[in-house]
Amino acid sequence: MKATDNLYNYCLRLGDDALILGHRLSELCSKAPFIEEDLALTNISLDMIGRAQAILKYAAEVGGKNDTEDDLAYRRAEINYYNHLLVEQPNGDFAHTIARQLFLSAFEFYLYGEMEKCHDKTLAAIASKTLKEVRYHLEHASDWTIRLGDGTPESHHRMQNAINELWMYTGELFEMDEVEMTLMRDGIAVDLIPVKTQWYNRIKHVLAEATLVMPEDSYMQTGSRKGVHTEHLGHILAEMQYLQRAYPDAIW
Amino acid sequence: MHNEHSDSHFQLRIDKGEHIEAKDYMPEGYREHLIRQISQHAHSEVIGMQPEGNWITRAPSLRSKQILLAKIQDEGGHGLYLYCAAETLGISRTEMIEHLHTRKAKYSNIFNYPSLNWADIGAIGWLVDGAAIVNQVSLQRTSYGPYSRAMVRICKEESFHQRQGYEIMAKMMGGTKDQKAMAQDAMNRWWWPALMMFDPHDSESPHTSDAVKWRIKRETNDELRQKFIDKTIPQAELIGLTVPDKDIVLDKKTGHYKIGPINWEEFYRVIKGHGPCNKQRLDHHIFYHHTGAWVREAAEAYKAKKAKREIAAV
Amino acid sequence: MKALDTQLDLWEVFIQSKSGQPYIHSGSIHASDVKMAMQNARDTYTRRGEGTSIWVVASKNINASNPDDNDMLFDPSNDKIYRHPTFYVMPEGAKNI
C-alpha cells in the first residue's frame, strides 16, 4: 500500500458524503412543502455537490491515475463508494429529510471545524469554506427540528419517528479504522472521539428544545468504511451514472 | 380638480408612461387582467421546474448537475417573486394555488411536453427560455410597478439560462453520433412548441386589446415571435442543427425569416388538457402541495405556541 | 373537515449590497417566524452575492402613504427650490464651495 492510498481513501469518504447527500437533496427539487423551502433545500444541495467536486478533484490528484472528479463520481461502483450509510437513506417525509440533515450537519460542523487546522493545506482550505456552509445547514436543520418537534401532534410524532429510525446510522459517523488512525497520527484526519461528544451534546440540546426524546443507544449499522452499503446506494448510482455508463465515449 | 379615482385619469397616467403601484386607483379590469397574467406566469415558472427536474438526478457531470439545479432553483425563485407581485393586488398565494389546482388558472402550455433525453435540457434552456426571455424583456416596461420590478430581477437572473442551454446543444452537436442524434431529436420536438409560446396571432387573443391599452403588454405576439425566430435560426445553423421546417426562407429585403404554418390545432388541443403531460404536471403539484401541508401547519402551530409563551413570560 | 391551507405569513426583504450602502427593498417572501424569514430571504435574494446584510419586516407592519394624499404630501416641496445648492449664485472664480 502506498502512503497516498490512505489520503485518497479519506478524501473519497469526505467527498462521497457530500455527493450522495447532495444528490438526495437534489431529488427534492419541486417537491418541498412550499416554494421558499424548495429554494433552501436546493441551496444546501448545491453547497454539497460543489464541495464534492472540490474534494473528489483533490482525491483524483492524490490518486495519481489521471482521473477527473467526474470519473470518480460517475465511473465508480458501489463497493468503491465510501459515504456513510446515513446519507444514502431515502428522503422519506420532510421529517426524515430534516433528521438526516441534522445528524450529518452537526457531525460535519465539528468535523470540519477541526479539519481547518489539519496539516494538509488543501483539506484545510476546503474545510474552512465548508465550515461556513455547514454552520448554515445545521441552523436550518435545527430550526426545523424544533418547529416540527414542538409544532402539531402529527409533526411531533413524525419528527420523533424520523429521529428514531435514522438513529442506527449515526454510530458509524464516529468509526475510525486503520486509514483514519494513520492519517490522524500524521495530523491530517480528525480525531472523532471528541467530535462524538460534541455531536452528542448538540443533538441532545436540539432535541430537548424540540420536546423530543433522545433515542436510547442500540445496535448501530456499519459497513460503509469497507464499501458495504444499504440497498439504496445502488439505485442512486444507477440513476446518477446512467448517461456516463450508457455512452462511455461521450463527453458531456 | 381631476378625479383621481376615474378610469380616464388612470388612462392618462398610463399614457404618460407612469407606473401604477398597489394602492393606486386602478380599474377592476386592469386588476383582474394582472392577477390572471401574473399568476399564470408564476404557475408557469413553478410547473416549469418539472420537465427540467426530470434530469437533475441523471445529469452527466458534476458541473452540469450544479448548473441545472441552480437554474431550476431560479425558476422556483421567479415563481416566488411573481406570486408576491400578484399578492400586492389582493389575492393570496393560497388562492392562486387553489386556482391552479382547480384549473381556473393556467400555466404555459410548453411545460405539458416531456423532456425525454439529456439534450432536452439544452433545448429547454436555449429555445424555451430563449422564447420566454424575449417576452420577459418586453415585460420589464410593463405598467404595473411590482410586476415590472419582478421582471427586471427575473431578466437579470435569466441571462445565463439560455446560454447554458445553447452550450449543451453545441457540445452535443460536437460530440458522438448518439449525442448529435439526441440534440436533433430534441430540436425537432421543441421548436414548434417554443414558437407557440408567444400565443396565437393577436387578433385571435381575447385579452390583447386591453393589455396593450393599459401597457401591460408592450409588443404584439407576432412581433415577439419574429424576434425570437430571427435570432434563433442562425444559432441553430451555426452548430449544425436542422430547423424542422421545410418552408423557412430568409427575406433578404426585410432581414426576417419567414416560417411555415404553425399547427394551432395542436396548441388548442394541449391547452384543453390533451398534451402529453398535462395531467402528470398538475398531479405532481397537487400531490406535493398536500404532502407538505402538515409541515406548513406545524410551522404555524409552533409560531402560535411561541407567541403564547412570550405573552405568558411578560 | 378540511383545514384551511396556509402558505405562512408575508414578509418584506431589504438588502444592503455593500457595507455603507442603503438597504433597498428586494421583494417579499413567506415564512412563519422571524428566523425562517431571515433564512428564506437569504436563500431567495442573496444567491448571487447580492448582499452583506438583510432586514426582514412582517408586511403587516409596513405602513404606506395613501396615494390620495400625494398632492398634500409631495407637491408642496416642489417650489422650495432654495433647498437645492444650484439655487445659489456664486461669484465667478469661487472654488471648493
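Residues numbered from 1 in each chain as written. Chains lettered and ligands numbered in written order. Predicted model: local features only at pLDDT ≥ 70, side-chain atom pairs only at ≥ 80, totals over all residues. Heavy atoms only, no water.

Below, the discussion takes up the interface of chain C and chain A. At the interface, 14 residues of chain C touch 11 residues of chain A. Together, Q39(C), R42(C) and D43(C) form the three largest contributors to the area buried by chain C at its contact with chain A, with a combined 41%. Connecting chain C to chain A are 2 salt bridges. Residue D143(A) is joined to K35(C) by a salt bridge in which the shortest nitrogen-to-oxygen separation is 2.8 Å. At the surface where chain C touches chain A, the tally comes to 7 residue pairs in polar contact (both at pLDDT 80 or more). Contributing elements (two or more residues each) for the side of chain C that touches chain A: β2 (23-31) and α1 (34-45) of chain C. The biggest single contributor to the side of chain C that touches chain A is α1(C), with 7 residues. (Contact = heavy atoms within 4.5 Å. Buried area = accessible area lost by both parts, 1.4 Å probe. Salt bridge = Lys/Arg side-chain N within 4 Å of Asp/Glu carboxyl O. Polar contact = N/O pair within 3.5 Å; in protein donor to acceptor, adjacent residues only side chain to side chain. Helix = DSSP H or I, 4+ residues; strand = E, 2+ residues; numbered from the N terminus.)

Together, I81(C), Y82(C), F87(C), Y88(C), M90(C) and I97(C) make up a nonpolar patch on the protein surface, roughly 650 Å² of accessible area in all. Relative to the assigned elements, M90(C) resides in the segment after α2 (70-74). (Patch = residues over 30% accessible without salt bridge, like charges linked within 9 Å, V, L, I, M, F, W, Y side chains within 5 Å. Areas by Shrake-Rupley, 256 points an atom, 1.4 Å probe, with all protein chains shown as cover.)

The side chains of a regular strand alternate, first on one face of the sheet and then on the other. All names here are of chain C. Bridge count between strand β1 (residues 9-16) and β2: 8 bridges; the pairing is antiparallel. Following the sheet pairing, E12 is matched in β2 by S28. In sequence, β1 turns back onto β2 through a hairpin of 6 residues, with G20 there showing a positive phi of about 95°. (Pairing = 2+ DSSP bridges.)

This part takes up the state of the cysteines. Put plainly, two cysteines are in a disulfide when a covalent bond ties their sulfur atoms together. Counted according to the given criterion, the structure contains 0 disulfides over all chains. The closest cysteine sulfur to the non-disulfide-bonded C118(A) is located on C11(A), 9.3 Å from its own sulfur. By relative accessible area, which is 12% here, C118(A) ends up buried. C155(B) carries a free sulfur, and the closest cysteine sulfur to it, the one in C84(B), is 18 Å from it. Given a relative accessible area of 9%, C155(B) falls into the buried group. (Disulfide = S-S within 2.5 Å. Buried < 20%, exposed > 50% of the residue type's maximum accessible area, 1.4 Å probe, protein only.)

This brings us to the side chain of R281(B). All names here are of chain B. Locating R281 in the fold gives a position in helix α12 (residues 278-291). One buried charged side chain, R281, makes no salt bridge at all; its nearest oppositely charged neighbour is D120, positioned 8.5 Å away. Sequence-distant contacts of R281, that is, excluding residues within four places in its chain, are made with I47, Q50, P51, Y107, F111, N112, Y113 and P114. (Lys, Arg positive; Asp, Glu negative; His and termini not counted.)

We now examine the packing of aromatic side chains. Within the structure shown, the criterion is met by 25 aromatic pairs over all chains. Relative to W118(B), the ring of W55(B) lies with its centre 6.3 Å away and its plane at 65°, an arrangement referred to as edge-to-face. Highlighted residues: W55(B) in the loop between α3 (49-53) and α4 (62-87) and W118(B) in helix α6 (residues 118-139), separated in sequence by 63 residues. Judged by centre distance (5.3 Å) and plane angle (15°), the rings of Y81(B) and Y45(C) are stacked. Of the two residues, Y81(B) sits in helix α4 while Y45(C) sits in helix α1, which places them in two different chains. There is no split in this pair, since Y81(B) and Y45(C) are both buried. A network of ring pairs unites the aromatic residues F103(A), F107(A), W167(A), F174(A) and W199(A) as a single cluster. (Phe/Tyr/Trp six-rings, centres within 6.5 Å; stacked < 30°, edge-to-face > 60°.)

Space inside the second largest pocket adds up to approximately 1,300 Å³. Forming the boundary of the second largest pocket are 38 residues, of which E21(B), P146(B), R149(B), E12(C) and H25(C) lie nearest the centre. Broken down by secondary-structure element, the contributors of at least two residues to the lining of the second largest pocket are α4 and α7 (145-173) of chain B together with β1, β2 and α2 of chain C. For the lining of the second largest pocket, the per-class residue count stands at 16 nonpolar, 11 polar and 11 charged. (1 Å grid on protein atoms, 1.4 Å probe; cavity = no way out; pocket = protein on both sides within 12 Å on 5 of 7 lines; lining within 4 Å. Points joined across faces, edges and corners; volume = space filled by probe spheres on them. Nonpolar A, V, L, I, M, F, W, Y, C, P; charged D, E, K, R; others polar.)

On to helix α13 (residues 293-313) of chain B, then. Here α13(B) spans 30 Å end to end across 21 residues, near enough to the 30 Å set by a 1.5 Å rise per residue. Among the residues making up α13(B), those that are buried are A293(B), W294(B), V295(B), R296(B), A298(B), A299(B), E300(B), A301(B) and Y302(B). Check the buried side of α13(B) and you find it contacts α5 (94-115), α6 (121-149) and α7 (153-166) of chain A, α12 of chain B together with β1 and α1 of chain C. (Expected span 1.5 Å × (residues − 1).)

Right, let's get into the sheet that holds β1(C). Residues and elements named next belong to chain C. Reading across the sheet, the 3 strands line up as β2-β1-β3 and stay open at both edges, with antiparallel pairing between neighbours. Edge strands, defined here as strands with exactly one partner in the open sheet, are β2 and β3 (53-58). For this sheet, the mean angle separating the axes of adjacent strands, direction not counted, is 30°. For β1 and β3, the ladder comprises 6 bridges, and the chain directions are antiparallel. Within the sheet, the bridge partner assigned to Q16 lies in β3 and is S53. (Axes fitted to C-alpha atoms, helices over the stretch in contact; angles between N-to-C directions.)

Counting residues at the interface gives 49 residues for chain A and 42 residues for chain B. Taking both sides of the interface into account, the surface hidden between chain A and chain B amounts to around 4,000 Å²; carbon and sulfur atoms contribute 69%. By the criterion of area lost to chain B, the three top residues of chain A are I35(A), D150(A) and W252(A), representing 16% of everything that side buries. Applying the counting criterion to the chain A and chain B interface returns 18 residue pairs in polar contact (both at pLDDT 80 or more). Mapped onto the side of chain A that touches chain B, the elements with two or more residues apiece are α1 (3-26), α2 (35-63), α3 (69-74), α5, α6, α7, α10 (232-240) and α11 (242-246) of chain A.

The subject of this paragraph is the nonpolar core. Ranked by internal contacts, the top residues of the largest apolar core, which has 196 residues, are M115(A), L123(A), Y30(B) and W118(B). Once residues within four sequence positions are removed from consideration, L123(A) is found in contact with L7(A), Y10(A), C11(A), L14(A), Y58(A), M115(A), C118(A) and I188(A). (Core = buried A, V, L, I, M, F, W, Y, C linked by side-chain atoms within 4.5 Å.)

For the rest of this paragraph, the subject is empty space enclosed by the protein. Under the defined criterion, the tally for this structure stands at 2 cavities of 30 Å³ or more. In this structure, the largest cavity spans a volume of roughly 230 Å³. Around the largest cavity, the lining comprises 19 residues; the ones closest to its centre are A32(A), F34(A), I35(A), V46(B) and H285(B). Residue assignment for the lining of the largest cavity shows that the elements contributing at least two residues are α2 of chain A together with α3, α5 (93-101) and α12 of chain B. By residue number, the principal contributor to the lining of the largest cavity is α12(B), which donates 4 residues.

Packed helices, taken two at a time, are described by their axes: the angle between them and the distance between them. Residue and element names in this part refer to chain B. The contact between helix α8 (residues 177-196) and helix α10 (residues 221-238) brings their axes to 10 Å, and the two run at 160°. Regarding the angle of α8 to α10, the classification is roughly antiparallel. Between α8 and α10, the residues in contact are M187, W191, A194, L195 and M196 and R225, F228, I229, T232, I233 and A236, respectively. Tallied by class, the residues present in the contact of α8 with α10 amount to 9 nonpolar, 1 polar and 1 charged. (Parallel < 35°, antiparallel > 145°, perpendicular 65-115°, else oblique.)

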